[in-house]
Amino acid sequence: MKDNLVSKTSFCFICVSLFCSSFLGMGFPYIIKHSGTSWFLSLLIGFVVSLVLLFIYFKIFNLLPEKNIVEKIKTIFPKVIGNILIYLLFLIFFLFSIIMFWRYSTFISSEFLTETPNFIIALLVSLPIIYAALLKFDVISRTSNIIILMCMSFYLLNFTSLFNSIDFTNFKPLFITPIKDTIKVGIISGVIQTAPIFITLIIPKSKITKNEKITRSILISYVVSFLAISGSIFSIIGVLGLNIANLYTFPSYIVLKTINVLTLGMSTPFSIIVVQTRMSYFLSMKSLTTASRPFSGIWPCA
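Asks: Help me understand the overall build of the protein, please; the structure alone is not making it clear to me.
Replies: Broken down by element type, the protein carries 12 helices and zero strands. Element order for the protein, N to C, with α for helix and β for strand: α-α-α-α-α-α-α-α-α-α-α-α. Residue burial in the protein is summarised as follows: out of 302 residues, 48% are buried. Contacts in the protein between residues at least 24 apart in sequence constitute 84% of all its contacts with a sequence separation of at least 6. For the protein, the computed accessible surface area is about 15400 Å², with 72% contributed by carbon and sulfur atoms.

Asks: I keep staring at the environment of Q193 and nothing clicks. Help me out?
Replies: In this structure, Q193 sits in helix α8 (residues 179-194). Expressed as a C-alpha distance, the spacing of Q193 and G27, which sit 166 residues apart in the sequence, is 8.2 Å. Other than its neighbours up to four places away in sequence, Q193 contacts L18, F19, F23, S50, Y222, S225, F226 and I229.

Asks: Sorry if this is basic, but what is going on with helix α4 (residues 69-76) here?
Replies: Among all positions in α4, only I69, V70, K72 and I73 are buried. Seen from one end, α4 has its buried residues packed into an arc of 160 degrees, which puts them on one side.

Asks: I'm lost on the confidence of the model for the protein in this one. Help?
Replies: The predicted structure's coordinates, where accompanied by low pLDDT, should not be read in detail. Confidence in the prediction for the protein averages 76 pLDDT; 78% of positions are at 70 or higher. Ranking the helices and strands of the protein by mean pLDDT puts helix α3 (residues 39-62) first, with 93, and helix α12 (residues 261-292) last, with 45. Across residues 261-302 the pLDDT falls below 50, and counting only partners more than four positions away or on other chains, this stretch makes 86 contacts in the model.

The rules behind each value
Residues numbered from 1 in each chain as written. Predicted model: local features only at pLDDT ≥ 70, side-chain atom pairs only at ≥ 80, totals over all residues. Heavy atoms only, no water. Helix = DSSP H or I, 4+ residues; strand = E, 2+ residues; numbered from the N terminus. Buried < 20%, exposed > 50% of the residue type's maximum accessible area, 1.4 Å probe, protein only. Contact = heavy atoms within 4.5 Å. Areas by Shrake-Rupley, 256 points an atom, 1.4 Å probe, with all protein chains shown as cover. Arc of directions from axis to C-beta. pLDDT = per-residue confidence, 0-100.

As structure tokens, this is what we get:
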């Protein structure tokens, strides 16, 4: 049925969102704190690590294209081993969603509702997400497509506005971070950027329209995400400097607040929309999981 199909464009937007999802409140402060002005070397190492992980992802993605990851595991492995792997996979996906959701709730709490407990914010934010998960995927994907395009547009607007505020002396001195730490940061950054993409294996390749060159499209999505992340770190360090940037859990938001009054009104709410969009994409994946019942036959209640 048409409702069960995912357009290639929507799938690639999901990939862009997942590639970037781990950096807000996690990847940015980690790279800045532990890599310093050698951040670009760490990102390049992370780029290589991500390509290796993407190669593994493509191998799994193209294997048995008519089946999702759960069905592939059940086909390839014996029942006991397969069920253990599926439970483990579900646990990893669940923990990822909890971590991301909690970080975004922390962002809202720390920047806007400082007197409100995190769990109340998480509860309020979860209500529209639960409602969205009940909708058909084509409704969610069309809405998400519009929002992510708006976010991309305002990302370019904000980056352009910030460029005049960048102090290039903040990037000096270079190569003061030990090479061992630089490599370690690079490996970890590559993993946290690429690992979330494995969630999309819940969608069979055959369910994606015009999937003949989907591998290339996913690779392009990764490159776009890599450039966006690199641009964000460049702006954070260039505007704030290392010492000030290390003081914040969400330095990207602090940088947006430095934009002049003409663009500040637009950049602030749209930085929140970026957060909501990323969570919407992940919940879109969860709605697909629920709709297709990939764990049917595993759970006692299924």
